[in-house]
Every structure is written in C-alpha cells, then in structure tokens.
Amino acid sequence: LSHRDEANFTTAGTDRALESRRRVLGLERTWTYKDIYSQNASTTSEKTLDASNLLQLLEERQRADGLAFFARNNSSGVLSQVFVELAHGFEDWAVGGTENVLLFDPTWGTNRAGLKLCCFTTVSSTGQTVILAFSLLMEETHSMFEWSFRCFAEVFRTPPRTLFTDGDYCIATAFASVSKDDGPWAGARHLLCVFHISKNFYEHIKRQRGSNIDAWQDAHDMFW
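Here we summarise the structure given alongside this text. As the structure is a prediction and not an experimental result, all values here were calculated from the model.

Inspection of the sheet shows strand β2 (residues 79–85) paired to strand β5 (residues 129–137) by five bridges, in the antiparallel sense. Each bridged residue has a counterpart across the sheet, and for V82 the counterpart in β5 is L136. The pairing of strand β4 (residues 116–123) with β5 spans eight bridges and is classified as antiparallel. Looking across to β5, one finds that K116 is bridged to L137. The hairpin turn running from β4 into β5, its antiparallel successor, is five residues long, and G127 in that turn takes a positive phi close to 90 degrees.

Rendered as structure tokens:
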C-alpha cells in the first residue's frame with residue numbers, strides 16, 4: 001500500500017490509487033477491496049481516541065448551547081451508541097405539538113469507525129424537512145434502537161403521532177416496546193415508508209415480470 005498518500009488513507013481512495021498504478025505498470029490485480037479495508041481500518045485505540053474527541057465536543061455543545069447528548073460504551077469499553085440533539089430541533093418539534101410525524105432512517109457504514117448513522121427527521125411548519133437529532137450505533141439491534149427512541153423521548157418529550165421507518169424487524173420490536181400503554185410513545189403509530197417499500201417493489205416485482213411490459217404496467221398501477 002505504498003500509494004496511500006494519494007488516496008487520503010480512505011479505503012475507496014486507496015483502492016482507486018492502486019488500481020490506477022496497476023494499469024500504468026500493466027500488472028495483475030492481486031488484492032481485494034476487503035484487503036484494503038482491513039489494512040486501513042482503525043484500531044480499537046484509534047476509535048477510542050476519536051470517541052474521546054467526539055465526547056469532548058458534545059460536552060462543550062451541551063455547556064454552551066444546552067444541546068443534550070447521551071453515550072454508552074459496550075462491554076469492551078468501546079463507544080457503541082451516541083444520541084445527539086441538533087440545534088433548533090426542539091423548537092421545530094414543539095411547533096407541531098401532538099400532530100408531529102417522525103421519520104427514523106438508519107444508514108449503514110457511514111464513517112471510519114463503522115457506526116450506523118440513524119437520523120430522526122420531521123417536516124417543519126414551513127414544509128421543510130428538518131433533522132432533529134441523530135444516533136450513532138455500533139449495531140442495528142432491538143436494544144440499541146429502543147435506547148435511541150427513549151433518548152429522543154427524554155429530550156423532545158412530546159411523542160410522535162406517527163413514526164415512519166423501513167421494514168427492519170428490530171426497529172418494529174423496539175417501537176413496540178416504547179409505544180406500550182406505559183411507554184413514552186404510548187398511542188403512537190408505526191407505518192412503513194413508501195420510499196423503502198417502492199424500492200423493494202421495483203427491485204423484486206419488476207424482475208419477476210421480465211420482458212412482459214403489460215404485466216409490469218398492471219402491477220405498477222395496482223401498487224400505486
């Protein structure tokens with residue numbers, strides 16, 4: 001990996017730099033993307049150092065602006081879950097009162113430490129999409145999703161009227177836990193986001209219809 005400088009040390013960048021060099025020299029490719037990822041991956045100590053810097057920043061935000069955050073380490077002492085309130089999020093949520101709609105969308109593999117970015121989003125009174133808070137989670141499990149929901153409930157207080165998510169079973173069971181009669185989101189409804197449903201529809205149903213355009217059009221019209 002002698003050309004990591006050209007790549008800014010990212011896995012994708014390193015792969016591009018090596019592939020470019022390989023072509024110039026006329027050599028065979030002798031590595032995989034996974035090989036580079038393993039070579040470039042942060043060590044546990046590096047991740048812990050990053051976590052220390054992150055927590056210091058969040059503590060400064062909390063002192064200066066009153067923005068809440070929560071963090072937990074796993075059994076190995078490595079930071080595994082973080083919840084962060086964003087500026088003006090509470091005000092945007094308060095305007096909607098008891099009619100708020102909340103969208104929760106986890107995105108896999110969005111940072112060097114491999115944590116999942118989970119955004120809490122709503123539509124403000126102006127019609128704009130607003131990110132209220134986010135979680136960084138080591139794993140997409142029932143317990144970590146439930147922890148995120150309870151953090152949101154503690155900070156933003158008023159429960160959503162409806163939560164929209166994708167069809168992840170762990171999200172569904174976590175929501176069921178917080179929406180019980182004695183839960184912080186009692187009475188809230190859980191619905192699936194039509195964007196994620198339509199992605200699955202186009203991926204699987206269109207493939208089944210093959211070259212039969214009429215059959216695909218009928219299925220498409222029925223879906224919508």
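Once you've had a look at it, read on.
Turning our attention to helix α7 (residues 194–209). Between its terminal C-alpha atoms α7 stretches 21 Å, which fits the 22 Å expected from 16 residues at 1.5 Å a residue. Backbone geometry just after α7 places G210 at a positive phi near 60 degrees.

We note that H88 has phi near 70 degrees; this positive angle belongs to a residue other than glycine. Of note, H88 is situated in the loop between β2 and α4 (89–96). Judged by its relative accessible area of 57%, H88 falls in the exposed class. A positive phi angle, near 65 degrees, is found at R157, a position not held by glycine. Secondary-structure assignment places R157 in the loop between α5 (142–156) and β6 (162–165). Classification of R157 by relative accessible area gives exposed; the value is 62%.

What counts as what
Residues numbered from 1 in each chain as written. Predicted model: local features only at pLDDT ≥ 70, side-chain atom pairs only at ≥ 80, totals over all residues. Heavy atoms only, no water. Pairing = 2+ DSSP bridges. Helix = DSSP H or I, 4+ residues; strand = E, 2+ residues; numbered from the N terminus. Expected span 1.5 Å × (residues − 1). Buried < 20%, exposed > 50% of the residue type's maximum accessible area, 1.4 Å probe, protein only.

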